[in-house]
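Working through the structure, step by step
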Amino acid sequence: MQGAAWRRWAGYVVASSYELTHDREYAAIRSTAALIDISPLQKYRIDGPDAARLLDRVITRDVSRCAVGQVLYTPWCRADGRVLEDGTVSRLEEQRFRLTSAEPNLRWLHQNATGLAVGIADESETLAALALQGPSSREILSQLVDASLDALPYFRLTPACIASCPVVVSRTGYTGDLGYEIWLHRDHAEPIWDALIEAGTPYGLVPTGLLAMDIARIEAGLLLLGVDYISARHAVIEAQTSSPFELNLGWAVSLEKPRFVGRQALFEERARGSAWALVGIEVDWDALERLYTNIGLPPQVPTVPWRTSVPLYARGRQVGYATSGCWSPLLKKSIALAHLESASARQETVEMEVTVEHRRKRALAYVRRLPFFNPQRKRA
Amino acid sequence: MSQDYDVIVIGGGHNGLVNAAYLARAGLRVVVLERRHCVGGAAVTEEIFPGFRFSVFSYVVSLLRPEIIRELDLPRHGLHILPLESTFTPLPSGDYFATWADPDETRRELYRHSPKDAEAYVDFGQLMVRMAMAVKPLLGVTPPDPTSLSPRQLRGLLTLGRHFHSLAERDLYALYKLMTMSAADFLNEWFECEPFKATKSASGVIGTFLGPRSPGTAYVLLHHYMGEIDGVFRAWGFAKGGTGGVSEAIASAARRFGAEIRTDAPVAQVMVKDGHVQGVALGDGTEIRAKTVSCSLDPRRTFLELVDARRLPEEFVAAVQRYKFRGSSAKVNLALDTLPNFTSLPGAGRHLRGSISISPSIDYLERAYDDAKYGRFSRRPYLDIVIPSMLDPGMAPPGKHVMSIFVQYAPYAVEGGWTDAQRGALGDAVIDTLAEVAPNIRSAILHAQVITPADIEQTIGLSEGNIFQGELALHQLFFLRPVPGWARYSTPIEGLYQCGSATHPGGGIMGAPGRLAALQILEESGRARAAVGGGRAPL
């Protein structure tokens, strides 16, 4: 269907898929293992006596509860409680952290570091990152690293060595599966990639592009900045912004923390209630099939994940919109991530617009809790 | 008395042609009278050296109004604007600074020079887009007269007032700063990367007799972003066939609507009787009669040369005399045997497909201005270079190239006047400046054409060689352009209108003055509805 197209990612050129179709790459994520180059992520090293204090000011989660070797997934907000971005914070040492994000945050960190004894270093260009994701990822990685991965819990990290190169291995990922992310110096990227491919090939390791990863992250209910929500930094109008509560990230907001950017606004929003909710949408197969059989066609599903805004209706009125979706090859369902007005988020069903042979139709769809897919092996 | 035409348009530059096209489209009998052998005014393409076609004067399409492209159906008449996506600023250090089509790539390039600026760029861009959206409605309307109490004028003022009132507080402050600060000060609040600031601020001083540290220059920074919010129209770019291609397309549209275009037809006099325009007299004595004359020449040409000044109110004549031209730029066009090879980024790369800016620092630009302040051309001028043949190979023989170099500052009132020797010295200064970053340039030149402000004035009639028909400075914009009280295209003479770049919203290949003047003429003649099919710019 689609060729092995290149696409832009944060000023780098990356593969949509390494083969002519992404099907085998997606299958690897869920059945064997996939190796994905995620180096275009932004990475910042934050260290010094006030490193934890700076991060506590910026992110919505409580850094004091983050042990050395632990990783936090967290959003961060503007003073008005609207989300700037989401990413991870890793506590490498007592006074040393790594923040990862999709977009640059150096200026934002500096602006919030006034008066703090903290060093902020942008490691985005020197630090490469590889994601090794899938059920076989542990077996593959165990062949190469000295550290014991069996003892490494979900969202923890450990220093290690691969092909005589120092790396940090974190049990994290963007696929919702068992998997690891390997953080390494860019000079070591090629020998480490080669070592992983060599050790992984007998286990079915497949170099994997962004299309397959996109399907996996939709199944896992993980948000994509600029697609599922817009950073307050880029929003031209207020209505384009979201709060963490509206993105289903309320669990990552520690209002018990006395101070952080956006706390007051978020405190008020929690008391008041949010306008929007992020949900999963599953299109009813029978309803979809009927729309096609009515005009004499077999049902069709998109072969690649989509990211256009699609209206959702309830009782004839638009109550929300889906922002990205796909046919889940594993779940055999048409699924999407969607924003619904809060009042409609508690409903069991909505209608989603589908285009059937050039005509706009509406198909019954179920409102689901996210994630769609959450295998036990992810945390085991 | 019988009339030859409904309207005579004086001057076949792009605004005169746009004006004529709109008037003809509304069903009026229109003739355009152009002094030169070809239409286009400053937007002309001419084969100065055999096989090499130069956009002799104006060289890029800036802000050509999307409604004009649409309403005159210009693509059907041959308009094709090619993307001019990058800016390359070679530096004396041997490094360079560049901006590219992909915003992330630009961010990474900026990061190389200043990590702080790389992110400020995003926030700055957001602010400027909001500012451009705030100011943009002004481009599409005839300025209301702030001193008039007529209901129409009051309504216009009220709409504008409401529009600005609707801006968020922080945006209003930013707008105020943009209107008052210098480009350098405004950019200093955001950025530290010198070549980046200098290249940006250069767009604030083009066509003015001001430096990047002169107050009021920040406003012009907005123009670039206004191009961006019209994104899909690609209103900022290079016209296939050179800027003459734009004029040809508009002329073709005007002819299709029935306008007649005469070249080699210099107007010597606008005939006036009892305060009413009667028509024009050509250089050879031929008289052409019409009740309406729309003049696209600048106000000095129009009111001090074509019209008998005694027929105008004294204070009006005084205001026209005060109107500032102060041409400050020159043009060097080169026919090249081979491409320039920049030391900082060798080879025939994609950087040669965009604009090339010699603007390494704010200090560099301000020093260039210092020379001009005291009557000299800049020893090391600001250069804005494009290589049209990289985008449109038809501009030169295969494998050969044409290079267009905009040069600032070259003051009209240069000490000693613009003699041949002075022109030669200016050409040398430009080539020397370029040779410092692209040493092969000198040996690549097959032919050089150096155009001083005096040449501009002489060839295409722009007073003092000002490329915008008068400085685009805040005191000469909106309801002050060209003179207070006469910003609505009409003049003290009944039936005589102005439609050139000296009227709101000003110069550049924008076409808005020509269009707005046409709408004003049609409105005053009761034909407004025929002019635009609901195409009036919303406010």
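Predicted model only: the values in this text are computed from it and were never measured. (Residues numbered from 1 in each chain as written. Chains lettered and ligands numbered in written order. Predicted model: local features only at pLDDT ≥ 70, side-chain atom pairs only at ≥ 80, totals over all residues. Heavy atoms only, no water.)

1. Side note on the overall build of chain B
The helix and strand tally for chain B stands at 19 helices and 19 strands. Against the globule reference of 24 Å for 539 residues, chain B gives a C-alpha radius of gyration of 23 Å, in line with a compact fold. For chain B, the spread of C-alpha atoms along the three principal axes comes to 70 × 55 × 45 Å. Within chain B, the proportion of its 539 residues that are buried is 62%. Taking the intrachain contacts of chain B between residues at least 6 apart in sequence as the baseline, contacts between residues at least 24 apart amount to 72%. For chain B, the exposed area adds up to about 20300 Å²; of that, 52% sits on carbon and sulfur atoms. Each charge sign in chain B was given a centre, from 54 positive and 56 negative side chains, and these centres are 4 Å apart. (Helix = DSSP H or I, 4+ residues; strand = E, 2+ residues; numbered from the N terminus. Rg over C-alpha atoms; globule rule 2.2 N^0.38 Å. Buried < 20%, exposed > 50% of the residue type's maximum accessible area, 1.4 Å probe, protein only. Contact = heavy atoms within 4.5 Å. Areas by Shrake-Rupley, 256 points an atom, 1.4 Å probe, with all protein chains shown as cover. Lys, Arg positive; Asp, Glu negative; His and termini not counted. Charge placed at Lys NZ, Arg CZ, Asp CG, Glu CD.)

2. What about the overall build of chain A?
If you tally the helices and strands in chain A, you get nine helices and 19 strands. The C-alpha radius of gyration computed for chain A amounts to 21 Å, which stays within 12% of the reference 21 Å derived for 380 residues, consistent with globular compactness. Its C-alpha atoms give chain A principal-axis dimensions of about 65 × 55 × 35 Å. Within the span of chain A, comprising 380 residues, buried residues form 57% of the whole. Taking all contacts inside chain A whose residues are at least 6 apart in sequence as the whole, residues at least 24 apart take part in 67%. Of the roughly 16600 Å² of accessible surface on chain A, 51% is carried by carbon and sulfur atoms.

3. Thoughts on the side chain of K43(A)
All names here are of chain A. Looking at the element boundaries, K43 is found in strand β4 (residues 42-47). At 7.4 Å, D122 is the nearest oppositely charged side chain to K43, a buried residue that forms no salt bridge. Of the polar contacts made by the side chain of K43, one reaches the backbone oxygen of L41; its length is 3.1 Å. Here S124 takes part through its backbone oxygen, which lies 3.0 Å from a polar atom of the side chain of K43. Those residues in contact with K43, other than ones at most four positions away along the chain, are L99, T100, A121, D122, E123, S124, L127 and W183. (Salt bridge = Lys/Arg side-chain N within 4 Å of Asp/Glu carboxyl O. Polar contact = N/O pair within 3.5 Å; in protein donor to acceptor, adjacent residues only side chain to side chain.)

4. Focus: the sheet that holds strand β11 (residues 165-170) of chain A
All names here are of chain A. Here we have six strands laid out as an open sheet, ordered β10-β11-β12-β9-β3-β13, and mixed in their pairing. Of all the strands in the sheet, the pair left with one neighbour each is β10 (157-162) and β13 (205-207). Recorded for the sheet is a direction-independent mean angle of 25° between the axes of neighbouring strands. Two strands pair when backbone bridges link them, and strand β3 (residues 33-37) and strand β9 (residues 127-133) are joined in this way by four bridges, in the antiparallel orientation. Note that in β9 the partner of I36 across the bridge is A131. Sheet strands touched by helix α1 (residues 23-31): β3, β9 and β13. Its angle to β3, the strand with the most contacts, is close to 115°. (Pairing = 2+ DSSP bridges. Axes fitted to C-alpha atoms, helices over the stretch in contact; angles between N-to-C directions.)

5. Observations concerning the interface of chain B and chain A
Each partner contributes residues to the interface: chain B has 16 residues there, and chain A has 17 residues. Summing both partners gives a buried area of about 1500 Å² for chain B against chain A, and 48% of it is carried by carbon and sulfur. The tally of links between chain B and chain A comes to three salt bridges. One salt bridge in this structure joins R8(A) and D102(B), with 3.3 Å as the shortest N-O distance. Counting across the chain B and chain A interface gives 13 residue pairs in polar contact (both at pLDDT 80 or more). Sorting the residues of the side of chain B that touches chain A by element identifies α3 (103-113) and α4 (115-139) of chain B as the ones contributing at least two each. Sort the elements by how many residues they give to the side of chain B that touches chain A and α4(B) lands first, with eight residues. Partitioned by chemical class, the residues of the side of chain B that touches chain A number six nonpolar, one polar and nine charged. (Buried area = accessible area lost by both parts, 1.4 Å probe. Nonpolar A, V, L, I, M, F, W, Y, C, P; charged D, E, K, R; others polar.)

6. Points about unusual backbone geometry
In the segment running from L370(A) into P371(A), the intervening peptide bond is cis, with an omega of 0°. Here P371(A) shows up in the segment after β19 (359-368). If you check the backbone angles, E464(B) has positive phi at about 55° while not being a glycine. Following the sequence through the fold, E464(B) ends up in the loop between α17 (453-460) and β19 (496-498). The class of E464(B) is buried, set by a relative accessible area of 15%.

7. Things to note about the pattern of salt bridges
Residues and elements named next belong to chain B. Summed over all chains, the structure comprises 57 salt bridges over all chains. Among the ionic pairs, D171 bridges to R130, the shortest N-O distance being 2.9 Å. With D171 in helix α6 (residues 169-180) and R130 in helix α4, this residue pair connects regions lying 41 residues apart in the sequence. Taking relative accessible area as the criterion, D171 reaches 6% and is therefore assigned buried. Measuring nitrogen to oxygen at the nearest pair gives 2.9 Å for the salt bridge that ties R442 to D432.

8. Some thoughts on the nonpolar core
Among the nonpolar cores identified, the biggest contains 100 residues, and F186(B), M403(B), I405(B), L426(B) and L434(B) are the most heavily contacted of them. When residues in this core are grouped by element, the largest group, 11 residues, is from α4(B). If we skip the residues at most four places from it in the chain, I405(B) touches A330(B), K331(B), V332(B), N333(B), L334(B), L383(B), D384(B), I385(B), V430(B) and L434(B). L41(A), V71(A), V83(A) and A216(A) belong to the second largest nonpolar core, which has 44 residues in total. (Core = buried A, V, L, I, M, F, W, Y, C linked by side-chain atoms within 4.5 Å.)

9. A look at the sheet that holds strand β10 (residues 267-273) of chain B
Residue and element names in this part refer to chain B. Judged by pairing direction, the sheet is antiparallel, and its three strands sit side by side in the order β10-β11-β12 without closing on themselves. Across the chains shown, the open sheet's two edge strands, defined by having one partner strand only, are β10 and β12 (287-289). Sheet twist, expressed as the average angle between the axes of neighbouring strands with direction ignored, equals 30°. Judged from the six bridges that link them, β10 and strand β11 (residues 276-282) form a sheet pairing that is antiparallel. Bridge pairing in β11 places V270 opposite V280.

10. Things to note about the domain arrangement of chain B
Residue and element names in this part refer to chain B. Considered domain by domain, chain B is made up of domain 1 (7-49 + 57-82 + 237-323 + 473-531), domain 2 (118-232) and domain 3 (329-409 + 415-451). Taken residue by residue, the interface counts 18 residues in domain 2 and 15 residues in domain 3. For the pair domain 2 and domain 3, the summed buried surface comes to about 1300 Å²; carbon and sulfur atoms form 61% of the total. Where domain 2 touches domain 3, the interface holds one salt bridge. (Domains from an automatic or database assignment.)

11. Side note on the packing of α1(A) against helix α6 (residues 210-219) of chain A
Residue and element names in this part refer to chain A. Between α1 and α6, the least distance of the axes is 8 Å, while the angle of their chain directions is 45°. One element, α1, and the other, α6, form an angle in the oblique class. For α1 against α6, the interelement crossing comes out right-handed. Contacts between α1 and α6 involve E25, Y26, I29 and R30 from the former and A212, M213, I215, A216 and E219 from the latter. Of the residues belonging to the contact of α1 with α6, the class tally is six nonpolar, no polar and three charged. (Parallel < 35°, antiparallel > 145°, perpendicular 65-115°, else oblique. Left-handed = near helix turned anticlockwise from the far one by under 90°.)

12. A short note on a nonpolar patch on the surface
A surface patch of nonpolar side chains, amounting to about 260 Å² of accessible area, comprises V236(A), I237(A) and M133(B). Residue position: M133(B) is located in helix α4. (Patch = residues over 30% accessible without salt bridge, like charges linked within 9 Å, V, L, I, M, F, W, Y side chains within 5 Å.)

13. Details of the packing of aromatic side chains
All names here are of chain B. According to the stated counting rule, one finds 22 aromatic pairs over all chains in the structure shown. Between F49 and F52, the aromatic rings sit 5.6 Å apart at their centres with planes inclined by 45°, giving tilted as the arrangement. A residue is classified by how much of its surface remains accessible, and F49, at 24% relative accessible area, is partly exposed. When the centroid spacing of 5.8 Å and the interplanar angle of 85° are considered together, the rings of F316 and W486 count as edge-to-face. (Phe/Tyr/Trp six-rings, centres within 6.5 Å; stacked < 30°, edge-to-face > 60°.)

14. Remarks on the domain arrangement of chain A
Residue and element names in this part refer to chain A. Parsing chain A into structural domains produces domain 1 (6-41 + 124-219), domain 2 (43-101 + 243-271) and domain 3 (275-376). With centres defined by C-alpha atoms, the gap from domain 1 to domain 2 works out at 25 Å. Domain 1 puts 11 residues into the contact, and the matching count from domain 2 is 13 residues. Interface area, domain 1 with domain 2, both sides summed: about 1100 Å², of which 61% is carbon and sulfur. Broken down residue by residue, the surface that domain 1 buries against domain 2 is led by F155, R156 and L157, which jointly contribute 47%. The tally of links between domain 1 and domain 2 comes to zero salt bridges. In this structure, the connection of domain 1 to domain 2 is made through six residue pairs in polar contact (both at pLDDT 80 or more).

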